[in-house]
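Here are the chains, one letter per residue:
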Amino acid sequence: MTVTLWHFLAVAAALFGLGLVGFLTRRNLITMFLCAEMMLQGVAINFVAFARYHANLQGQVFVLFILAVAACEAGVALALFVSLYRRRRTLDSSEWQDLRELGVPAAADAEPLEPVRVEPEPTLTPAGARPVPTAEEAARV
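Residues numbered from 1 in each chain as written. Predicted model: local features only at pLDDT ≥ 70, side-chain atom pairs only at ≥ 80, totals over all residues. Heavy atoms only, no water.

Student: Even after reading the chapter, I still don't get the packing of helix α1 (residues 5-25) against helix α2 (residues 29-54), so can you show me in this structure?
Tutor: Close contact between α1 and α2 brings their axes to 8 Å; oriented N to C, the two are set at 165°. The orientation of α1 with respect to α2, classified from their angle, is roughly antiparallel. α2 is crossed by α1, and the crossing has left-handed handedness. Across the contact of α1 with α2, the residue classes tally to 20 nonpolar, five polar and one charged. (Axes fitted to C-alpha atoms, helices over the stretch in contact; angles between N-to-C directions. Helix = DSSP H or I, 4+ residues; strand = E, 2+ residues; numbered from the N terminus. Parallel < 35°, antiparallel > 145°, perpendicular 65-115°, else oblique. Left-handed = near helix turned anticlockwise from the far one by under 90°. Nonpolar A, V, L, I, M, F, W, Y, C, P; charged D, E, K, R; others polar.)

Printed below as a string of structure tokens:
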């Protein structure tokens, strides 16, 4: 069986379609980011397939450019996600509607997600200080 241009295009279209559906239907920012990366890889497959079909290297050059941009995008996006998560303890895109432009109405969800219960982060006792016993430890003594 010979792998033709149409096979590459079908795989690329499937990747792009899955990425688009995932990007439009999910609320988690990391999932949305990964779906956008999937769409980029679908486009990259198209570039490589057409470059092979036309027997030139322009498609590979575009793919190298896409990979470099995707790597930079991943670094910036993950740093942004960590910063956003530290502020509100959620990566739900509907919780970050206050970042929209002025004058743009907020999108109201018909079925909002349940609020996430935020537990305090564990902290270490400062050096030299005696740790405060928890209720269970105080009851045991």
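Student: Even after reading the chapter, I still don't get the UniProt feature "transmembrane region" (unreviewed entry) in the chain, so can you show me in this structure?
Tutor: Within this structure's numbering, the places UniProt gives as "transmembrane region" (unreviewed entry) are residues 6-25, 32-55 and 61-85. Measuring from the first to the last C-alpha atom of residues 32-55 gives 35 Å, for a span that is 96% helix and 0% strand. Between the C-alpha atoms that bound residues 61-85 there is a distance of 36 Å. The span itself is 100% helix and 0% strand. (UniProt positions renumbered as here; feature names shortened; annotations may be inferred.)

Student: What should I look at first to understand the packing of aromatic side chains in this one?
Tutor: Think of a pair of aromatic rings as described by two things: how far the centres are apart, and how the planes are tilted against each other in angle. Per the stated rule, a full pass over the model turns up two aromatic pairs. Here the aromatic rings of Phe33 and Phe81 are separated by 6.1 Å at their centres, their planes lie at 80°, and the arrangement is edge-to-face. Here Phe33 is found in helix α2, whereas its partner Phe81 is found in helix α3 (residues 58-88), with 48 residues between them in sequence. Phe81 shares its class with Phe33; the two are buried. On the numbers, 5.1 Å between centres and 20° between planes, the contact of Phe47 with Phe62 is stacked. Of this pair, Phe47 sits in helix α2 while Phe62 sits in helix α3, placing them 15 residues apart in sequence. Taking NZ or CZ as reference, Arg88 lies 4.3 Å from the ring centre of Trp96, over its face. (Phe/Tyr/Trp six-rings, centres within 6.5 Å; stacked < 30°, edge-to-face > 60°. Buried < 20%, exposed > 50% of the residue type's maximum accessible area, 1.4 Å probe, protein only. Lys NZ or Arg CZ within 6 Å of the ring centre and 35° of its normal.)

Student: For this particular structure, what's the right way to read unusual backbone geometry?
Tutor: A negative phi angle is the norm for most residues apart from glycine, just as the trans form is the norm for most peptide bonds. The backbone phi angle of Ala55 is positive, close to 60°, even though this residue is not glycine. Structurally, the position occupied by Ala55 is in the loop between α2 and α3. Residue Ala55 is classed as exposed on the basis of its relative accessible area of 70%. Although it is not a glycine, Arg89 adopts a positive phi angle of roughly 60°. Structurally, Arg89 is set in the loop between α3 and α4 (135-140).

Student: Where do I start with a nonpolar patch on the surface in this structure?
Tutor: Taken together, the side chains of Phe16, Leu20, Phe23 and Leu24 present a nonpolar region at the surface, about 360 Å² in accessible area. Considering the arrangement of structural elements, one finds Leu24 in helix α1. Since its relative accessible area comes to 63%, Leu24 is described here as exposed. (Patch = residues over 30% accessible without salt bridge, like charges linked within 9 Å, V, L, I, M, F, W, Y side chains within 5 Å. Areas by Shrake-Rupley, 256 points an atom, 1.4 Å probe, with all protein chains shown as cover. Salt bridge = Lys/Arg side-chain N within 4 Å of Asp/Glu carboxyl O.)

Student: It is not clear to me how the packing of α2 against α3 should be interpreted in this structure. Could you clarify?
Tutor: Axis angle and axis distance: for two packed helices, these are the angle between their axes and the distance between the axes, and together they describe the pair. Interaxial distance between α2 and α3 falls to 9 Å at its minimum, and their mutual angle equals 175°. When the interaxial angle is binned, α2 and α3 end up roughly antiparallel. Contact with α2, carried on its side by Leu29, Ile30, Phe33, Glu37, Leu40, Gln41, Val43, Ala44, Phe47, Val48 and Ala51, involves Gly59, Gln60, Phe62, Val63, Ile66, Leu67, Ala70, Glu73, Ala74, Ala77, Phe81 and Leu84 of α3 and no other residues of that element. Grouping the constituent residues of the contact of α2 with α3 by class yields 18 nonpolar, three polar and two charged. (Contact = heavy atoms within 4.5 Å.)

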